[in-house]
Amino acid sequence: MGETFHAIKISDHVYWVGAIDWALRDFHGYLTSRGTTYNAYLVLADKVTLIDTVKAPFLDEMLARIASVLPPERIDYIVSNHSEMDHSGCLPEVAARVHPEKIFASVIGVKTLHEHFHDTLPIEPVRDGNVLSLGNLSLHSIETKMLHWPDSMMTYLAEDQVLFSQDGFGMHLASSERFDDQIAEDILLYEAAKYYANIVMPFAPIVARALEKIQKLALPLRLIAPDHGPIWRTKIGWIVDLYGRWARRPPTRKAIVVYDTMWQSTARMACAVAEGLQAGGAAPKVLSLAACHRSDVATEILDAGALLVGSPTMNNNLFPTVADVLTYLKGLNPRNLIGAAFGSYGWSGEATQEIETFLDSMKVERVAPAVRAQYVPTGEVLAQCAALGRSVAQALLAKIQL
Ligand code: FEO
């Protein structure tokens, strides 16, 4: 490994020493079509400090990148901003090899790391606002509890004006480029939105408060260095503004029609619903679950105002893919949605009721009763689907005008 992997200097005192996971396609249920990176950072101070580590199988790659700058045994401190295993998985192994003088994490981080590794790693807590002296440099701790785990914190290197933001402002994107300006903006936008929708969305109110907190601190920022994806150096304002918008989720004309189908009945209903939405002035997007992964549906919902869900009844239940996506979306807790249900059935027809139960539990405001088709939709039923779409469009436009 020695000569193969190199560190990349990102500021006066900081090197990127992370790992690139080109092959990853499933990040706990999230389709990572472009792979990911696990970013770790080496701060060359009087006390040499490693910020975060990498997923366990990538230990050697990280150590080789560190070794391209200095022997890993020279590391004095390790700061763990976030305990999830993609950033802490190799911490015990790194500690065993490097024997750092100290390891730091947030108060909850200390507890969580012990609960992960069931060992006696000497981890010291740092609290919000603490300043950790590295001799000639200083690290400031910023607690960001529940963004997105209870232990989460960010660390600011004042002298280089770098904010190490752990998962915040990150994205799953494997690339050889390390900076935002080296990657096409449409890819940055899509992957940052996908990451926010699938990882951060449940914590929208906390995002808003964290952004406020960071703004109040008025930290001069030359770089935002997250734990996944590119480092922000030219689009800092752009990504911070996007987080603000995604946290607010203002109403839009976009309406998602998500469905699956057994014998094309629910598919035909979905198309009729979309026609009605379009005719009513909304902007429909139809997502077949045969073609879309649950994490793509979540991404589309991020800037949508309405969610319409269709499912056949199969064995007295929702179609499995529809149950899957609704369970997933319920956890992500998208707010400010209106919606409705539709679906086909043969003899029992529980699916639409089950969809409505999900929509209610997600606090999606149902603006029209469900439309159902027995076996195959007639022209009359398809007209009811179109009317359903028009009703939702009307409610959506009224909401935008409020
Ligand atoms: Fe990238 Fe929450 O771990």
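Here the structure is a predicted model, which means the values were calculated and not measured.

**Student:** Please clarify how the overall build of the chain should be interpreted in this entry.
**Tutor:** Scanning the chain from terminus to terminus reveals twelve helices and 24 strands. Counting only C-alpha atoms, the chain reaches 75 × 40 × 35 Å along its principal axes. Residue burial in the chain is summarised as follows: out of 402 residues, 57% are buried. Taking the contacts inside the chain whose residues are at least 6 apart along the sequence as the reference set, 74% of them involve residues at least 24 apart. Surface summary for the chain: the accessible area is close to 16100 Å², and the carbon and sulfur share equals 54%. Here the chain holds 35 positive side-chain charges and 44 negative ones, and the gap between their average locations is 6 Å.

**Student:** Looking at this structure, how should I read the pattern of salt bridges?
**Tutor:** Where charged atoms from two side chains of opposite charge approach closely, those side chains can pair. Within the structure shown, the criterion is met by 16 salt bridges. Residue D324 pairs with R294 through a salt bridge whose shortest N-O separation is 2.8 Å. You can see D324 sitting in helix α10 (residues 320-332) and its partner R294 sitting in helix α9 (residues 294-301), a full 30 residues away along the chain. The residue R366 makes a salt bridge to E356 at a minimum N-O spacing of 3.4 Å. Placement of R366 in strand β23 (residues 365-366) and of E356 in helix α11 (residues 351-361) is noted, with a sequence separation of ten residues between them. One network of salt bridges, in which partners are shared, links K254, K285, E300 and D303.

**Student:** When you look at the nonpolar core in this model, what are you seeing that I'm missing?
**Tutor:** Soluble globular proteins: nonpolar side chains tend toward being buried together. Counting 92 residues, the largest nonpolar core has L42, L50, M62, I66, Y196, Y243 and L307 as the members making the most contacts within it. With eight residues, the single largest contributor to this core is helix α5 (residues 185-200). Formed jointly, this core draws a minimum of three residues from each of two domains, domain 1 (8-248) and domain 2 (255-396). Leave out the neighbours within four places in its chain, and Y243 touches D167, G168, F169, G170, Y195, Y196, V200, V207 and L211.

**Student:** Looking at this structure, I do not really get helix α1 (residues 59-67). What am I missing?
**Tutor:** For an α-helix, the turn length of 3.6 residues means that residues three or four places apart are oriented alike. Counting buried residues along α1, seven of its nine residues qualify, which places the element largely inside the surrounding structure. Looking at the buried positions of α1, the neighbouring elements they touch are β2 (14-16), β3 (19-21), β7 (41-43), β8 (49-51) and α3 (91-98).

**Student:** It is not clear to me how the domain arrangement of the chain should be interpreted in this structure. Could you clarify?
**Tutor:** Often the size quoted for an interface is simply the accessible area lost on bringing the parts together. Domain boundaries in the chain define domain 1 (8-248) and domain 2 (255-396). For domain 1 and domain 2, the distance between their C-alpha centres works out to 38 Å. Taken together, the contact pairs 14 residues of domain 1 with 14 residues of domain 2. Both sides together, the interface formed by domain 1 and domain 2 hides about 1200 Å², and carbon and sulfur atoms give 59% of it. The largest share of the area that domain 1 buries against domain 2 comes from N198, M201 and P202, three residues that together contribute 39% of it. The interface formed by domain 1 and domain 2 includes one salt bridge. Salt-bridge contacts for K194 lead to D296; the nearest nitrogen and oxygen are separated by 3.1 Å.

**Student:** Help me out: how do you make sense of the sheet that holds strand β16 (residues 223-225) in this one?
**Tutor:** Sheet strands line up and pair through hydrogen bonds in the backbone, either parallel or antiparallel. Pairing in this open sheet of five strands is mixed, and the strands run β12-β13-β14-β15-β16 from one edge to the other. With one partner strand each, in any of the chains shown, β12 (131-133) and β16 form the two edges of the open sheet. Pairs of neighbouring strands in the sheet enclose a mean axial angle of 25°, with direction left out of account. Where strand β13 (residues 138-143) and strand β14 (residues 153-157) come together, five bridges link them in antiparallel fashion. Across the sheet, residue S141 finds its bridge partner in β14, namely T155.

**Student:** I keep staring at the sheet that holds β8 and nothing clicks. Help me out?
**Tutor:** Reading across from one edge, β1-β2-β7-β8-β9-β10-β11 is the order of the seven strands in this open sheet, with mixed pairing throughout. The sheet terminates laterally at β1 (8-9) and β11 (123-126), the two strands that pair on one side only. Of the strand pairs in this sheet, β1 and β2 are connected by two bridges, and their pairing is antiparallel. Bridged to K9 within β2 is Y15. Helix α4 (residues 107-117) rests against β9 (77-80), β10 (102-106) and β11 of the sheet, and its axis sits at about 110° to β10.

**Student:** Help me understand the packing of aromatic side chains in this model?
**Tutor:** We describe a pair of aromatic rings using the distance from one ring centre to the other and the angle between the two ring planes. Taken as a whole and judged by the stated rule, the model has nine aromatic pairs. Ring geometry for Y41 versus F164: centroids 5.2 Å apart, planes at 50°, classification tilted. Residue Y41 is located in strand β7, and its partner F164 is located in strand β15 (residues 162-164); the two are separated by 123 residues in the primary sequence. Accessibility assignment for this pair places Y41 and F164 in one class, buried. For the pair Y77 and F104, a centre-to-centre distance of 5.2 Å together with 80° between the ring planes defines the contact as edge-to-face. Taken together, the positions of Y77 in strand β9 and F104 in strand β10 put the pair 27 residues apart, joining distant regions of the chain. Taken as a pair, Y77 and F104 share a single burial class, namely buried. Aromatic rings pair up to connect F169, Y196, Y243 and W246 into one cluster. The lysine or arginine in question, R233, covers the ring of F179, its NZ or CZ lying 3.8 Å from the ring centre.

**Student:** Whenever I open this one, the environment of K145 confuses me. Can you help?
**Tutor:** One can find K145 in the loop between β13 and β14. The class of K145 is partly exposed, set by a relative accessible area of 43%. When residues no more than four places from it in sequence are discounted, the contact partners of K145 are I108, P150, S152 and I206.

**Student:** I tried to follow the environment of F358 on my own but got confused; where do I start?
**Tutor:** With respect to the secondary-structure elements, F358 resides in helix α11. Residue F358 is classed as buried on the basis of its relative accessible area, which comes to 18%. The spatial distance from the C-alpha of F358 to the C-alpha of A210 is 30 Å, given a sequence separation of 148 residues.

The rules behind each value
- Residues numbered from 1 in each chain as written.
- Predicted model: local features only at pLDDT ≥ 70, side-chain atom pairs only at ≥ 80, totals over all residues.
- Heavy atoms only, no water.
- Helix = DSSP H or I, 4+ residues; strand = E, 2+ residues; numbered from the N terminus.
- Buried < 20%, exposed > 50% of the residue type's maximum accessible area, 1.4 Å probe, protein only.
- Contact = heavy atoms within 4.5 Å.
- Areas by Shrake-Rupley, 256 points an atom, 1.4 Å probe, with all protein chains shown as cover.
- Lys, Arg positive; Asp, Glu negative; His and termini not counted.
- Charge placed at Lys NZ, Arg CZ, Asp CG, Glu CD.
- Salt bridge = Lys/Arg side-chain N within 4 Å of Asp/Glu carboxyl O.
- Core = buried A, V, L, I, M, F, W, Y, C linked by side-chain atoms within 4.5 Å.
- Domains from an automatic or database assignment.
- Buried area = accessible area lost by both parts, 1.4 Å probe.
- Pairing = 2+ DSSP bridges.
- Axes fitted to C-alpha atoms, helices over the stretch in contact; angles between N-to-C directions.
- Phe/Tyr/Trp six-rings, centres within 6.5 Å; stacked < 30°, edge-to-face > 60°.
- Lys NZ or Arg CZ within 6 Å of the ring centre and 35° of its normal.

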